[in-house]
Amino acid sequence: MSTNSNTAWRPAHVTNRQIKFATILCFLAWAFAVYDFILFGTLLPELGRELGLNEAEQATMVTWMSVGAVGMGLIAGPVVDKFGRKAGLAFTTAGAGIASALTALGGIVPVAVLVAIRSLSGLGLSEQGVNGAYLSELYGASDDPRIKKRQGFIYSLVQGGWPIGAILAAALTAVLLPVIGWAGCFVFAAIPSLIVAALARKLRESPQFESIQKIRKLQKTGRHADAEDLSAALGIEEHETRSTLADVFRGRSLRTTLALGLGHILNYFPVQVFSVLGTTVLVSVHNVSFTNSLAILLMSNVIAYLGYLTHGFFGDKFGRRNVIAFGWITGGIVFTAMIFGPSDFWTVVALYSLGTFFLIGPYSCVLFFVGESYDTRIRGRGATFVAAVGPIGAILSSALAATLLSGGGNWATAAFLFGAIPCVLSGVAVLFSRKHQHVADPVHIPAVAGGAPADESAH
């Protein structure tokens, strides 16, 4: 029954302590998801020997794993939009932990089963999409002007979990592999992810999801008039509490999905070529020794972290869309100079590091910007969709590079065509998205006459 009241229900205010806890936990969730991802790549030669697979067979196995990971990553979106942001974070982080633990069985299960197991890692990779959706809402509902002003920079600290996770994987593998073996390394990697997933129960749910959840409960219990009043008070159309994946391809969301989805796919081309296959490119193009190439990659992870902080800071000042586009376009140009420039060691180091700065750094803006770009009801689906489709670019770049190389081409040409050029194009694609986005703040919307009753029994 609806009442004419000057006070409508509102979600509780978000405290700085809740924001701090959520930020730290999201950082850890992402760092350990990356830990699992990088650990598998690091230990692939060991696992391949155990399975009796040659390099070509290992590459084929990884390709199918990547395809499976894309499919699993798409599952996270419906979980986030139906059950909540904290449930989504627990689901994706637990997925990374389970993938790590089960990978320890890789030596005794068929390759097809291992492919299915590693497909679960797609949940871990989609965790960054959950972070972007969740934290954009949480920061948007804060009443602290310092957080409002620097939310992109704060999120850059979270996204910085990538180089931290990568360094952890490399360092701990070097220490643990001789002691507990490759299977033990995967079991060890599962523990922190599962702990973080359990701690997610203590997170504050985002006020935006709480609002939609409140309206859904009113509708479900037959209080349709109250649901209408609350929807009007919060500026939410009743149909905006229901969603499907198809909704990310409708209305205003279509432009966002096409621009950011295509930009992310294109950018995974250079991520695959210059990050995942970085040692191969450096050794093949400039005859850098393998040992020196590993040192360059380690240095580039440090540079990448600085890139996160820098792009997060400037994203708050000049708009995330513009900063992402500038970074990726510049990164493509710098990598082109690195490919065709002199093979002097320090020149290669400088250009590779600078290219990595502009390639990886904008990711501190990307996932947060994606979260801002969708309505609350489909924010989880939109953010995890964009995060999940990115690896399609990695699959395509590997396949195209392999085709060119098998036809007599060289790595310089492959890196330019399937790394540097797509990097520039990814920045151009992002420019087609909307420039400025705004996350609704149901906590601070002024109450209006005729709002829903203050009774929170349905909450």
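Keep in mind that this is a model prediction, so the values were computed, not measured.

Draft legend 1. Focus on the packing of aromatic side chains. Tallied over the entire structure, the rule returns 17 aromatic pairs. Aromatic side chains Phe37 and Trp162 sit 5.9 Å apart centroid to centroid with 50 degrees between the ring planes, which places their arrangement in the tilted category. Of the two residues, Phe37 is situated in helix 1 (residues 16–51) and Trp162 in helix 8 (residues 161–199); the sequence distance between them amounts to 125 residues. For Phe37, a relative accessible area of 30% puts it in the partly exposed group. Between Phe249 and Phe385, the ring centres sit 5.4 Å apart and the planes meet at 85 degrees, which makes this aromatic pair edge-to-face. Within this pair, whereas Phe249 is found in the loop between helix 10 (224–234) and helix 11 (251–276), its partner Phe385 is found in helix 17 (residues 379–406), the two being separated by 136 residues in sequence. For Phe249, a relative accessible area of 36% puts it in the partly exposed group. Each residue in the set Phe153, Phe313, Phe314 and Phe318 is aromatic and connected to the rest through ring pairs, giving one cluster. Over the ring of Phe83 we find Lys82; its NZ or CZ atom is 5.7 Å from the centre of that ring.

Draft legend 2. Spatial organisation of the packing of helix 16 (residues 363–372) against helix 17. It is the contact of helix 16 with helix 17, at a shortest axis distance of 8 Å, that shows an interaxial angle of 145 degrees. Handedness of the helix 16/helix 17 crossing: right-handed. Each of Leu367, Val370 and Gly371 in helix 16 lies in contact with helix 17, whose residues at this interface are Arg379, Gly382, Ala383, Val386 and Ala387. Residues belonging to the contact of helix 16 with helix 17 are distributed by class as follows: 5 nonpolar, 2 polar and 1 charged.

Draft legend 3. Geometry of the state of the cysteines. In this structure the tally under the stated criterion is 0 disulfides. Here Cys26 stays free of any disulfide, with the sulfur of Cys365 as its closest cysteine sulfur at 17 Å. In this model Cys365 remains outside any disulfide bridge; the closest cysteine sulfur is found in Cys423, 15 Å from its own. Here Cys365 falls in the buried class, since its relative accessible area comes to 1%.

What counts and how
- Residues numbered from 1 in each chain as written.
- Predicted model: local features only at pLDDT ≥ 70, side-chain atom pairs only at ≥ 80, totals over all residues.
- Heavy atoms only, no water.
- Phe/Tyr/Trp six-rings, centres within 6.5 Å; stacked < 30°, edge-to-face > 60°.
- Helix = DSSP H or I, 4+ residues; strand = E, 2+ residues; numbered from the N terminus.
- Buried < 20%, exposed > 50% of the residue type's maximum accessible area, 1.4 Å probe, protein only.
- Lys NZ or Arg CZ within 6 Å of the ring centre and 35° of its normal.
- Axes fitted to C-alpha atoms, helices over the stretch in contact; angles between N-to-C directions.
- Left-handed = near helix turned anticlockwise from the far one by under 90°.
- Contact = heavy atoms within 4.5 Å.
- Nonpolar A, V, L, I, M, F, W, Y, C, P; charged D, E, K, R; others polar.
- Disulfide = S-S within 2.5 Å.

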